[in-house]
Amino acid sequence: MSPFWKRWAVAVGLLLATAVYVELAPFGEETPLRGDLRQLPAQLGDWTQVSGEGMEEFNLFQMGEAQFSRTYRNDRGEAVSLYVSYLGKFRYGHNFFEGRNPSPGKKWNPQGNSEIKINVRRRPLKINEIRFRRGGEQMLVTYWYFMGDADLTEKGKGRIKQALNVMLNRRTDVALVKVSSSYHADGEKNAHHIHHEKFIQEMVPFLIEFLPYNLE
């Protein structure tokens with residue numbers, strides 16, 4: 001075997017060994033939540049819960065150890081749905097970074113996405129914003145991940161970071177937070193972007209009391 005093919009075989013072998021290690025040997029201790037997510041207040045600043053535990057609004061990709069869905073509305077009639085899913089430790093078959101996870105469900109087609117920043121407690125929080133369409137209905141979804149004390153928007157980087165944490169025996173917990181709202185006319189998108197921003201600024205300081213992360 002030529003030196004080139006030997007190096008190639010070694011590289012492939014290391015990649016396969018790493019993949020098997022990451023998928024089948026999740027070491028490390030589980031990181032518990034600070035509190036029961038179901039106890040998140042019904043009143044979040046100007047936003048009041050109007051329905052809860054209704055999971056039909058979201059694509060249930062992987063069942064986390066703790067998750068819920070709620071809809072909140074403010075006194076101006078603006079409504080958003082909140083979905084939170086948490087996994088305290090990496091487990092085989094639970095890929096929070098799967099590409100279809102942000103989708104509201106089947107037959108929703110993405111129309112464009114961007115990364116934005118929203119200031120929460122004077123700290124910029126990186127968030128993904130994606131617009132979906134299904135027939136004449138549209139939905140704006142903003143989402144991000146928490147890992148350690150970092151907020152992540154890139155699925156690939158999140159998966160790599162989690163794999164490295166597994167191999168280095170570090171904490172491997174991850175949370176996915178999604179906010180969504182539906183509308184029909186293209187011109188309504190900017191208004192819903194503003195709704196999401198206001199809701200996230202009010203909601204995150206409450207949510208972070210339950211998740212094992214800090215924003216300071």
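**Student:** Please explain the pattern of salt bridges as it appears in this structure.
**Tutor:** Once the charged atoms of two side chains with opposite charge are near each other, the side chains can pair. Summed over all chains, the structure comprises nine salt bridges. Taking the shortest distance from any N to any O, the salt bridge between arginine 76 and glutamate 78 comes out at 3.7 Å. Two residues, arginine 171 and aspartate 173, come together in a salt bridge whose shortest N-O distance is 2.8 Å. For arginine 171, a relative accessible area of 33% puts it in the partly exposed group. A relative accessible area of 1% places aspartate 173 in the buried class. Shared partners join several salt bridges into a network, and the residues in it are Asp75, Arg76, Glu78 and Lys198.

**Student:** Explain the packing of aromatic side chains to me, please; I cannot follow it from the model alone.
**Tutor:** By convention here, two paired aromatic rings are described through the distance between centres and the angle between planes. This model, assessed by the stated rule, comprises five aromatic pairs. Aromatic side chains tryptophan 47 and phenylalanine 199 sit 5.3 Å apart centroid to centroid with 80° between the ring planes, which places their arrangement in the edge-to-face category. Taken together, the positions of tryptophan 47 in strand S2 (residues 47–52) and phenylalanine 199 in helix H3 (residues 189–207) put the pair 152 residues apart, joining distant regions of the chain. Each member of the pair, tryptophan 47 as well as phenylalanine 199, is classed as buried. Ring centres of tyrosine 72 and phenylalanine 199 lie 5.6 Å apart, and the angle between their planes is 40°; on these two criteria the pair is classed as tilted. Separated by 127 residues along the polypeptide, tyrosine 72 in strand S3 (residues 66–73) and phenylalanine 199 in helix H3 bring together distant segments of the chain. In this structure, tyrosine 72 and phenylalanine 199 share a single accessibility class: buried.

**Student:** Honestly, the nonpolar core in this entry has me stumped. Any pointers?
**Tutor:** Nonpolar side chains tend to gather and get buried jointly when the protein is soluble and globular. If you look at the biggest cluster of nonpolar residues, it comprises 31 residues, and the most contacted ones within it are Leu82, Phe146 and Met203. Listing elements by their share of this core, those giving two or more residues are S3, strand S4 (79–87), strand S5 (109–120), strand S6 (123–134), strand S7 (137–147), strand S9 (174–183) and H3. Here this core gets five residues from one element, more than from any other, and that element is H3. Discounting chain neighbours no more than four positions away, the residues touching methionine 203 are Leu44, Leu82, Trp144, Val177 and Val179. Judged by nonpolar contacts, the second largest core, of 13 residues, contains Phe97, Met139, Val141 and Tyr145.

**Student:** How should the side chain of glutamate 129 be read in this particular structure?
**Tutor:** Among the secondary structure elements, glutamate 129 is positioned in strand S6. When its relative accessible area of 4% is taken as the criterion, glutamate 129 is described as buried. Only 3.0 Å separates the side chain of glutamate 129 from the side chain of lysine 189, close enough to count as a polar contact. Setting aside anything within four residues of it in sequence, one finds glutamate 129 in contact with Gly112, Asn113, Ser114, Ile116, Leu140, Val141, Thr142, Lys189 and His193.

**Student:** It is not clear to me how the side chain of threonine 31 should be interpreted in this structure. Could you clarify?
**Tutor:** Along the chain, threonine 31 turns up in the loop between helix H1 (3–24) and strand S1 (43–44). Here the side chain of threonine 31 touches aspartate 173 through a polar contact of 3.1 Å, side chain to side chain. What threonine 31 contacts, discounting residues up to four positions off in sequence, is Tyr86, Gly88, Arg171, Asp173 and Pro212.

**Student:** It is not clear to me how the environment of alanine 191 should be interpreted in this structure. Could you clarify?
**Tutor:** Its place among the elements puts alanine 191 in helix H3. You can call alanine 191 partly exposed: its relative accessible area is 34%. Residues alanine 191 and glutamate 78, spaced 113 residues apart in sequence, show a C-alpha to C-alpha distance of 9.6 Å.

Basis of the calculations
- Residues numbered from 1 in each chain as written.
- Predicted model: local features only at pLDDT ≥ 70, side-chain atom pairs only at ≥ 80, totals over all residues.
- Heavy atoms only, no water.
- Salt bridge = Lys/Arg side-chain N within 4 Å of Asp/Glu carboxyl O.
- Buried < 20%, exposed > 50% of the residue type's maximum accessible area, 1.4 Å probe, protein only.
- Phe/Tyr/Trp six-rings, centres within 6.5 Å; stacked < 30°, edge-to-face > 60°.
- Helix = DSSP H or I, 4+ residues; strand = E, 2+ residues; numbered from the N terminus.
- Core = buried A, V, L, I, M, F, W, Y, C linked by side-chain atoms within 4.5 Å.
- Contact = heavy atoms within 4.5 Å.
- Polar contact = N/O pair within 3.5 Å; in protein donor to acceptor, adjacent residues only side chain to side chain.

As far as function goes, none of this settles anything; it's purely spatial.
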